Amino acid sequence: MKAAQAPRAALEGFLRAALERVDPAAAVRRAVQRSGERLTLAGHEVPVGARLVVLGAGKAAAAMAVALEEVAADRIDRGLVVTKDGPVSYTHLRAHETA
């Protein structure tokens, strides 16, 4: 029985890793880095004082917008998120729910 558990554990580990890689919020957290006032998006530094305008639409938009606000809410000038995920509360973004 123990030999059968090892392949199962390995497969479960692969599944967890795969799900983490495609999780929209986790993808934003990997791409958006913050260190004090320094903000980088996908490796590109956003100058302090620059307008950060956010536009999101689709199935993953709500989760991605929440993750972005967690990291950079004070740097977001404005934005719009269009999703079917129901009401989501944002600090600096406006939400629009579609049918």
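Residues numbered from 1 in each chain as written. Predicted model: local features only at pLDDT ≥ 70, side-chain atom pairs only at ≥ 80, totals over all residues. Heavy atoms only, no water.

Turning our eyes to something else, we now look at the overall build of the protein chain. A tally of helices and strands in the protein chain yields 3 helices and 6 strands. Along the chain direction, N to C, the helices and strands of the protein chain fall in the order α-α-β-β-β-β-α-β-β. Computed over C-alpha atoms, the radius of gyration of the protein chain comes to 18 Å, more than 25% over the 13 Å expected from 2.2 N^0.38 for 99 residues, which places it beyond the range of a compact globule. Projecting the C-alpha coordinates of the protein chain onto the three principal axes gives extents of approximately 60 × 35 × 15 Å. (Helix = DSSP H or I, 4+ residues; strand = E, 2+ residues; numbered from the N terminus. Rg over C-alpha atoms; globule rule 2.2 N^0.38 Å.)

An α-helix turns once per 3.6 residues; consequently, residues spaced three or four apart project the same way. Over its 12 residues, helix α3 (residues 61–72) extends 16 Å from the first C-alpha to the last, a length consistent with the 16 Å expected when each residue adds 1.5 Å. Among the structural elements, α2 (24–31), β1 (32–35), β2 (38–41), β4 (52–57) and β5 (76–83) are those in contact with the buried residues of α3. (Expected span 1.5 Å × (residues − 1). Contact = heavy atoms within 4.5 Å.)

Across the sheet, 3 strands lie side by side as β4-β5-β6; this open sheet has parallel pairing. In the strand order of this sheet, the two ends are held by β4 and β6 (94–97), each with one partner. The average undirected angle you get between the axes of adjacent strands in this sheet is 5 degrees. Along the sheet face, α3 touches β4 and β5 and points at about 160 degrees away from the line of β5. (Pairing = 2+ DSSP bridges. Axes fitted to C-alpha atoms, helices over the stretch in contact; angles between N-to-C directions.)

Here β1 pairs with β2 via 4 bridges, running antiparallel. Residue pairing in the sheet places Gln33 in a bridge with Thr40 of β2. Counted along the chain from β1 to the antiparallel partner β2, the turn is 2 residues long, and its residue Gly36 has a positive phi close to 65 degrees.

Strand order in the open sheet formed by 3 strands is β1-β2-β3, with antiparallel pairing between adjacent strands. Each end of this open sheet is capped by a strand with a single partner; those strands are β1 and β3 (44–46). Neighbour-to-neighbour, the strand axes of the sheet open up by a mean angle of 30 degrees, direction not taken into account. Where α2 meets the sheet, it contacts β1 and β2, and its direction lies at approximately 50 degrees from that of β1.

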